[in-house]
Amino acid sequence: MPSSTYTPIESSTCSTKPKALESSQAQSLWREKCAVVGVYNAPNANVLAYYGLFAMQHRGQEASGIATSNTQKIAIYKKNGLVTQVFEPEILANLVGFSAIGHNRYSTAGEESINECQPIFARYSLGEIAIAHNGNLTNANTIRESLTKEGSIFQSYLDTEVLIHLIAKSQKSTLSERIIESICQIDGAFALVILSRTKMFAIRDPYGLRPLSLGIIENDDGTQGYIVASETSAFDLVGARFVRDVEPGEMLVFDKQATNPTYKSYRYKAPTPFPCVFEYVYFSRPDSVVFSRNVYEVRKNLGKQLAREHTLKADMVIPVPDSGVAAALGYAKESGIDFELGIIRNHYVGRTFIEPTQQARELKVKLKLNPIAGLIKDKDIIVIDDSVVRGTTSKQIIKILRQAGARKIYLLVSAPPTIAPCYYGVDTPEKEQLICASHSLKEVQSFIGADYLGFLSLEGLRKSIESSAPITQAQEKLSYCQACFDGCYVDSIHK
């Protein structure tokens, strides 16, 4: 059988975390993977924002919120729960306006008060403002401490709140100038949508770590509107046309002064593109275009490359649903081994690793995934999953497949080992909880109980992405942030 090796993080030369995080005690309260949407110049902006959030529900299931503007004031509603639970028809009907921003929240820890939900709203010297943020500000704790000493009062643990304080505190004469001055003080990952009473702003950090795309809406009255969203699947649902990604280090300003408003682009900082590679591996919907590449095509290529690196003999290839499906199809096609849906997922159970106890996580795996015993009994099976984090979920999957009668179980992962935590808006545990950070391949294999364990190589990950056709030439040879796989954080590399 082929060999598979990796180096635990202890031997990495790039494992220094961003300096601002070294002493942060509240960091676990801020770490989020979320969805943002913004709609401008549409008579049904509230509805479009609602459906945009609905299409991106996978990016956050803890809370949802929408803020709208009618040019005179901003209305906002947010609450814990899924999009369909938060926005009853009468609630949505009250959020009238020509523009809207929305947010789905996903976090691993922290209070579940309304203060932790987004968008964040404030009144300040220039009027009213609402902000929604996907990502994580690595120097938020330092800024918060400085602002608190100067008299600022914070209502939440959200890193996004420091930005609204910086904007309010700025002495610049226009909101655009205040925003630019403020975002030049923050570090880390951010895809932002900001709403004033008359304008909307869409911003990506200079690394472009988190995705944000621009689309066009054709209104029934013949006018044109705009939409920005974390994923293009939101455009598909509302009938918008994809235009391009918001570029790293770019701010788009949408203004309603014209009859058929347009937007202006500002390059507030020189770009150093390093988008998050895990968007391809796991986060994004397969029908989305992220960083100018089709996610489904990338994941199929991950599976094909996995088959080249790990040549195994088995009766069937089965995915861990749902994020392992495309990679399993790619592996089956490249290897010639039959693809089967050997595990059925219950879609009404939330994600397992947000649960606080090991017992709860194990029970939730059983509730979430059920093998087809008649299909896999007495068979040698290749199981394709997207990642191994703590190892506990993989262990439970192997266990239920054994109980269903599988003879041999080969677990292949369509990504390299996760050996380092992420500080840029990705839900990963701390280093000591990452099984691949301190255990050898054989130790991890023994713990999860598989007959074989193999990971995709870092080089194979790069090849898989590059073999997926980009939409624009500018994206042909992007470098990606892969800190979770190699411990090299962009803040440490580029500062």
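Everything numeric in this text was worked out from a predicted model, so none of it was measured.

1. Quick look at the UniProt feature "active site" (unreviewed entry) in the protein chain
With numbering matched to this structure, UniProt assigns "active site" (unreviewed entry) to C34. Tracing the backbone shows C34 in the loop between α1 (27–30) and β1 (35–40).

2. Concerning the packing of aromatic side chains
A full pass over the atoms with the stated rule returns 17 aromatic pairs. On the basis of an interplanar angle of 50° and a centroid distance of 5.5 Å, the ring pair of F254 and Y263 is categorised as tilted. A relative accessible area of 0% means that F254 is categorised as buried. Here a set of aromatic residues connected by ring pairs shows up, and it is made of Y40, F98, Y226, F254 and Y263. Directly above the aromatic system of F447 lies the positively charged group of K395, at a separation of 4.4 Å from the ring centroid.

3. A look at the packing of helix α10 (residues 295–309) against helix α11 (residues 325–335)
Look at α10 against α11: their axes get within 6 Å of each other, and the N-to-C directions meet at 45°. Taken as axis vectors, α10 and α11 run oblique relative to one another. Here the hand of the crossing between α10 and α11 comes out right-handed. Contacts between α10 and α11 involve Y296, R299, K300, G303, K304, L306, A307 and R308 from the first element and A326, A327, L329, G330, Y331, K333, E334 and S335 from the second. Partitioning the contact of α10 with α11 into residue classes produces 7 nonpolar, 3 polar and 6 charged.

4. Remarks on the pairing of strand β12 (residues 250–255)
Counted residue by residue, β12 has 5 buried out of 6 residues, so it is predominantly covered. Judged from the 5 bridges that link them, strand β8 (residues 199–204) and β12 form a sheet pairing that is antiparallel. Considered in β12, the bridge of F201 is made with V253. The pairing of β12 with strand β13 (residues 263–267) spans 5 bridges and is antiparallel. Following the sheet pairing, V253 is matched in β13 by K264.

5. Observations regarding the pattern of salt bridges
Using the criterion set out here, one finds 16 salt bridges in the structure. A salt bridge links D255 to K199; the nearest nitrogen and oxygen atoms lie 4.0 Å apart. You can see D255 sitting in strand β12 and its partner K199 sitting in strand β8, a full 56 residues away along the chain. In the salt-bridge network here, residues are joined through shared partners; they are R59, R210, E231 and E279.

6. Quick look at the UniProt feature "binding site: [4Fe-4S] cluster" (unreviewed entry) in the protein chain
As recorded in UniProt, the feature "binding site: [4Fe-4S] cluster" (unreviewed entry) lies at C276, C422, C481 and C484. A maximum C-alpha distance of 10.1 Å places the annotated residues, which cover 209 residues in sequence, within one compact spot. One can find C422 in the loop between β20 (408–413) and α15 (435–438). Residue classification places C422 among the buried residues on the basis of a relative accessible area of 8%. Note on C484: relative accessible area 9%, which makes it buried. Here C484 is in contact with F278, P417, T418, I419 and A420, once residues within four sequence places are set aside.

7. Let's talk about helix α6 (residues 160–169)
Most of α6 is tucked away, with 8 of its 10 residues classed as buried. Those residues of α6 that sit buried are T160, E161, V162, L163, I164, H165, L166 and I167. The secondary structure elements touched by the buried residues of α6 are β5 (120–124), β6 (127–137), α5 (140–149), α7 (175–183) and β7 (188–195).

8. Comments concerning helix α2 (residues 45–55)
In an α-helix, one turn spans 3.6 residues, which is why side chains three or four residues apart end up on the same side. Buried residues dominate α2, accounting for 8 of its 11 residues. Taken as a whole, α2 has its buried residues at A45, N46, L48, A49, Y50, G52, L53 and A55.

Thresholds, definitions, all that
Residues numbered from 1 in each chain as written. Predicted model: local features only at pLDDT ≥ 70, side-chain atom pairs only at ≥ 80, totals over all residues. Heavy atoms only, no water. UniProt positions renumbered as here; feature names shortened; annotations may be inferred. Helix = DSSP H or I, 4+ residues; strand = E, 2+ residues; numbered from the N terminus. Phe/Tyr/Trp six-rings, centres within 6.5 Å; stacked < 30°, edge-to-face > 60°. Buried < 20%, exposed > 50% of the residue type's maximum accessible area, 1.4 Å probe, protein only. Lys NZ or Arg CZ within 6 Å of the ring centre and 35° of its normal. Axes fitted to C-alpha atoms, helices over the stretch in contact; angles between N-to-C directions. Parallel < 35°, antiparallel > 145°, perpendicular 65-115°, else oblique. Left-handed = near helix turned anticlockwise from the far one by under 90°. Contact = heavy atoms within 4.5 Å. Nonpolar A, V, L, I, M, F, W, Y, C, P; charged D, E, K, R; others polar. Pairing = 2+ DSSP bridges. Salt bridge = Lys/Arg side-chain N within 4 Å of Asp/Glu carboxyl O.

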